[in-house]
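Report on the structure
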Amino acid sequence: MKIVVCVKQVPDTAEVKLDREKNTLIRDGVPSIINPYDRHAIEAALSIKEQAGGGTVTAISMGPPQAEAALREAIELGVDEGVLLTDRAFAGSDTLATSRALAAMISIISPDVIFCGKQAIDGDTAQVGPEVAEFLGIPHVAYVRKIVTVSDGAIRVERLMDDGYDVVDTSLPVLFTAVKELNTPRLPSLRGKMAAKKAVIKKITAADLSIPEGELGLSGSPTQVNRVFTPEARGGRKALSGSLEEQVSALAGELRAMSCA
Amino acid sequence: MDYQLTEEQVMIRDLARQIARERVVPVRAEMDEKGIFPWEIIKVLGESDLMGLHIPQEYGGMASGALAHMVAIEELSKACLGVSTTYAANALGTFPLLFFGSDEKKKKFLPEIASGKRLVAFALTEANAGSDASGIQTTAKLDGNEYVLNGTKQWITNGGEAEIYTVVAMTDKSRGARGASAFVVEKGAPGFTFGKKEDKMGIRCSATRELVFENCRIPKDNLLGREGMGFLVAMKTLDHSRCGVGSQGLGVAAGALDEAVKFARERVQFGHPIIGFQAIQHMLADMATAVEAARALVYSVARAMESGVKDFSKVSAMAKVFATDVGMRVTTDAVQILGGSGYMKEYPVEKMMRDAKILQIFEGTNQILRNVIGQELNKEAARGN
């Protein structure tokens, strides 16, 4: 089983602040971490490999040279190799340009399964996973909360929905995006840490992917950020309890009180 | 202070610290209260390769050396002495196999110990054989191709949970201490059962239990070394493990110091954080100095052990005595600095103080170990060095 897991290095949003004038994140001095959802993707990739009794897990990332650290961390956890797409030509990529580049790299590897986190905690778009699948022309299942069975050429998963979950059977190759309910990410091992120290991270440039210049980086990114704002806090909320009659009468009371005010 | 740890030792420290922070701290209070054995944490330690730091690579271990092992014990002890006792007692139980086991026995047992799949326990103590280990009454008699064990071991750490036991029993009572021998006994051996599980003051998540041998039959080749070497096995084992108990004292003291500093910075009385008051500062200064001195001694003894020094009974006893006395004193002072809060279970220092006490008692009481140090001084003077 050949598995690819997409990893993004993000600022630790627990510590990040917003520049109110420029509407951008102040990233200086903020520690970088592996996007937390990607940790669940890594765990899923490793456990599928273990269940299958063999194969390789390749972590790929696109980002500045320092994003190499995220790939080394993935290797500490047991990932076999790391590939970093890093080139000035990639700078300013939106989700479309990012997905195009990642898909180009993944098609070279030609894996059976691709795992992504459901979204990154800095951009929160949840677009890159499904877009990569579209570029590759393969099916995807987003918001996977459980891998039910893995057999030759088919995987059954559960997809988390607002009102429950779907059971989805899919052929391979396939792309999944992981939610945190999927698993508990493992901790690194000493052997993994030693391997990560020695590992050679493969660097890929735009030229290696043979993508036309206009389709990469800023020029390949149709997204325009018009405005960034903090959504207004919602009004107060209250949960009613008791029997149906009690709840109805309490609700009526609340509504009356509001119209009076 | 910078102790010039190697890259590997730093990795081990960081890994043990991460496991302590993410997997031990969130559950330590509950494990303490309910006496839950830390199997989940042992599993993680096994997957992280930390269960095999003391085991040679040819037997599936990491062969990281004594100092790396001390560093791992220290980090786990900062979070929970019950967990670190389970961890360190596993190494204690392994040492007789490592030093006296045949290649065949090592191949059989060590890889599973290194991966954390099976735990080990060391069984020396009995009701009438504590500080006076020559009072052992458990016997082992050769009968054909088997030894037959009879007797009861008391207060055995990891008892009941471990699957492999290194046991000291008398093969020839008439020879006194020279009549003791060491054996490896597997859980499930016919005639081997477990007695009372102890309800303890501290280290409550670690298992402490009686081992009962009633005509327990084990293969003849489960003898470690030769007949009569039991005390040598026990003494060499304890010389190696005592520094680790010192590291436990160092760790719990360092953990309690961190809590005391954090609390003293937050707690406001008379309009100021109490860390600004000299009475508190002086207590913290003494605690920090003691912790650093304990660390310097424990690390130095570990380095001496690694360097191949033959006789380190005296210095490993010193590391144990000094660092565990520091553990008791610093945890007690931490409770004092936290005041009423320190006495409550809501804060971790009351558990640290309860836990620390055992370190002055097990693997040789600090009084007996002072005897060891004193006798060594006498011998050295007699030799003229």
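**Observations concerning the overall build of chain A**
Counting secondary structure elements, chain A contains seven helices and 13 strands. The principal-axis extent of the C-alpha atoms belonging to chain A is close to 70 × 50 × 40 Å. Scored against the burial criterion, the 261 residues of chain A give a buried share of 42%. In chain A, of all internal contacts separated by at least 6 residues, the share reaching a separation of at least 24 is 70%. Charge centroids of chain A, computed over 29 positive and 34 negative side chains, lie 4 Å from each other.

**A closer look at the nonpolar core**
Residues and elements named next belong to chain B. Core analysis: the biggest nonpolar cluster contains 50 residues, and Leu45, Leu50, Tyr87, Leu149 and Val185 have the highest contact counts within it. Among the elements that line this core, the one with the most residues is helix H1 (residues 7-24), at seven residues. Taken domain by domain, the makeup of this core includes at least three residues from each of domain 1 (7-114) and domain 2 (120-228). Other than its neighbours up to four places away in sequence, Leu45 contacts Ile19, Leu50, Met51, Leu76 and Tyr87. By size, the runner-up hydrophobic cluster in this structure holds 46 residues, among which are Leu81, Val245, Val301 and Leu338.

**Here we look at a nonpolar patch on the surface**
All names here are of chain A. Residues Leu240, Leu251, Leu255 and Met258 make up a contiguous nonpolar surface patch of roughly 380 Å² in combined accessible area. In this structure, Leu255 sits in helix H7 (residues 244-260). Among the residues examined, Leu255 registers a relative accessible area of 48% and is labelled partly exposed.

**A closer look at the packing of helix H8 (residues 278-306) of chain B against helix H9 (residues 313-343) of chain B**
Residues and elements named next belong to chain B. Where H8 contacts H9, the two axes come as close as 9 Å, and the packing angle between them is 155°. When the interaxial angle is binned, H8 and H9 end up roughly antiparallel. Note on packing geometry: the crossing formed by H8 with H9 is left-handed. In terms of residue class, the contact of H8 with H9 is made up of 20 nonpolar, two polar and two charged.

**Regarding the sheet that holds strand E9 (residues 140-151) of chain A**
Residue and element names in this part refer to chain A. Pairing is mixed across the open sheet formed by nine strands, whose spatial order is E11-E10-E9-E12-E8-E1-E6-E7-E13. Of all strands in the sheet, those bounded by a partner on one side alone are strand E11 (164-171) and strand E13 (202-204). Going across the sheet, the axis of each strand differs from the next one's by a mean of 30°, ignoring polarity. Pairing geometry for strand E1 (residues 2-6) and strand E6 (residues 56-62), over five bridges, is parallel. Across the sheet, Val4 pairs through a bridge with Thr58, a residue of E6. Relative to strand E8 (residues 113-117), helix H1 (residues 36-52) is tilted by about 155°, and along the sheet it contacts E1, E6, E8, E9, strand E10 (154-161) and strand E12 (174-178). On top of the sheet, helix H2 (residues 68-77) reaches E6, strand E7 (81-85) and E13; it is set at about 165° to E7, its chief contact.

**Points about the domain arrangement of chain B**
Residue and element names in this part refer to chain B. Taken domain by domain, chain B holds domain 1 (7-114), domain 2 (120-228) and domain 3 (231-383). Counting residues at the interface gives 28 residues for domain 1 and 20 residues for domain 2. The junction of domain 1 with domain 2 conceals about 2000 Å² of combined surface from both sides, 66% of it contributed by carbon and sulfur atoms. A per-residue breakdown of the area domain 1 buries against domain 2 is headed by Phe37, Lys105 and Phe109, which together make up 24% of the total.

**So, the interface of chain B and chain A**
Contacts between the two partners involve 19 residues from chain B, matched on the other side by 10 residues from chain A. Between chain B and chain A, roughly 1200 Å² of surface is buried when both sides are summed, and carbon and sulfur atoms account for 65% of that area. Asp49(B) is the salt-bridge partner of Arg191(A), the closest N and O atoms lying 2.8 Å from each other. Run the count over chain B and chain A and you get seven residue pairs in polar contact (both at pLDDT 80 or more). Elements that contribute at least two residues to the side of chain B that touches chain A include exactly H1 and helix H3 (39-47) of chain B. With 10 residues, H1(B) is the single largest residue contributor to the side of chain B that touches chain A.

**Things to note about the pattern of salt bridges**
All names here are of chain B. A full pass over the atoms with the stated rule returns 43 salt bridges over all chains. A salt bridge links Glu163 to Arg118; its shortest N-O distance comes to 3.3 Å. Here Arg118 lies in the loop between helix H6 (103-114) and strand E1 (120-123) and Glu163 lies in the loop between strand E3 (146-157) and strand E4 (164-170), a separation of 45 residues in the sequence. A relative accessible area of 13% means that Arg118 is categorised as buried. When the shortest N-O distance is used, the salt bridge between Glu350 and Lys345 registers 3.6 Å. Overall, Glu350 belongs to the buried group, its relative accessible area being 13%. Several salt bridges share partner residues, and in doing so they unite Lys108, Glu112, Arg118, Glu163 and Glu186 into one network.

**Considerations on the pairing of E3(B)**
All names here are of chain B. Judged from the five bridges that link them, strand E2 (residues 139-143) and E3 form a sheet pairing that is antiparallel. Bridging across to E3, Ala140 finds its partner in Leu149. Connecting E2 to the next strand, E3, in antiparallel fashion are two residues, including Gly144 with a positive phi near 65°. Both E3 and strand E7 (residues 208-219) contribute to a ladder of nine bridges, which runs antiparallel. When the sheet's bridge partners are listed, Leu149 is paired in E7 with Cys216.

**Re the packing of aromatic side chains**
Each aromatic ring pair is summarised here by two numbers: the centre-to-centre distance and the angle between the ring planes. Taken as a whole, this structure holds 11 aromatic pairs over all chains when the rule is applied. In this structure an aromatic cluster arises from ring pairing among Tyr165(B), Phe192(B), Phe194(B) and Phe213(B). The ring of Tyr165(A) has Arg145(A) lying over it, and the distance from NZ or CZ to the ring centre is 4.0 Å.

**Re unusual backbone geometry**
The amide bond that connects Leu172(A) to the next residue, Pro173(A), takes the cis arrangement and shows omega of -5°. Position of Pro173(A) relative to the elements: it lies in the loop between E11 and E12. A positive phi angle, near 60°, is found at Ala126(A), a position not held by glycine. When you line up the elements, Ala126(A) lands in the loop between E8 and helix H4 (128-136). Notably, Trp155(B) is not glycine yet its phi reads approximately 60°, a positive angle.

**A few points about H3(B)**
All names here are of chain B. Turning to H3, its buried residues are Ile41, Ile42, Val44, Leu45 and Gly46. Elements in contact with the buried residues of H3: H1, helix H2 (28-34), helix H4 (66-79) and helix H5 (81-100). Asp49 lies just past H3 and shows a positive phi near 75°.

**Some details on the pairing of strand E5 (residues 180-186) of chain B**
Residues and elements named next belong to chain B. The element E5 is extensively covered by neighbouring structure, given that six of its seven residues are classed as buried. The pairing of E4 with E5 spans seven bridges and is classified as antiparallel. Looking at the pairing, Val168 lines up with Ala182 of E5. Here two bridges tie E5 to strand E8 (residues 223-224), and the two strands are oriented antiparallel to one another. Within E8, the residue paired with Phe183 across the bridge is Leu223.

About the criteria used
- Residues numbered from 1 in each chain as written.
- Chains lettered and ligands numbered in written order.
- Predicted model: local features only at pLDDT ≥ 70, side-chain atom pairs only at ≥ 80, totals over all residues.
- Heavy atoms only, no water.
- Helix = DSSP H or I, 4+ residues; strand = E, 2+ residues; numbered from the N terminus.
- Buried < 20%, exposed > 50% of the residue type's maximum accessible area, 1.4 Å probe, protein only.
- Contact = heavy atoms within 4.5 Å.
- Lys, Arg positive; Asp, Glu negative; His and termini not counted.
- Charge placed at Lys NZ, Arg CZ, Asp CG, Glu CD.
- Core = buried A, V, L, I, M, F, W, Y, C linked by side-chain atoms within 4.5 Å.
- Domains from an automatic or database assignment.
- Patch = residues over 30% accessible without salt bridge, like charges linked within 9 Å, V, L, I, M, F, W, Y side chains within 5 Å.
- Areas by Shrake-Rupley, 256 points an atom, 1.4 Å probe, with all protein chains shown as cover.
- Salt bridge = Lys/Arg side-chain N within 4 Å of Asp/Glu carboxyl O.
- Axes fitted to C-alpha atoms, helices over the stretch in contact; angles between N-to-C directions.
- Parallel < 35°, antiparallel > 145°, perpendicular 65-115°, else oblique.
- Left-handed = near helix turned anticlockwise from the far one by under 90°.
- Nonpolar A, V, L, I, M, F, W, Y, C, P; charged D, E, K, R; others polar.
- Pairing = 2+ DSSP bridges.
- Buried area = accessible area lost by both parts, 1.4 Å probe.
- Polar contact = N/O pair within 3.5 Å; in protein donor to acceptor, adjacent residues only side chain to side chain.
- Phe/Tyr/Trp six-rings, centres within 6.5 Å; stacked < 30°, edge-to-face > 60°.
- Lys NZ or Arg CZ within 6 Å of the ring centre and 35° of its normal.

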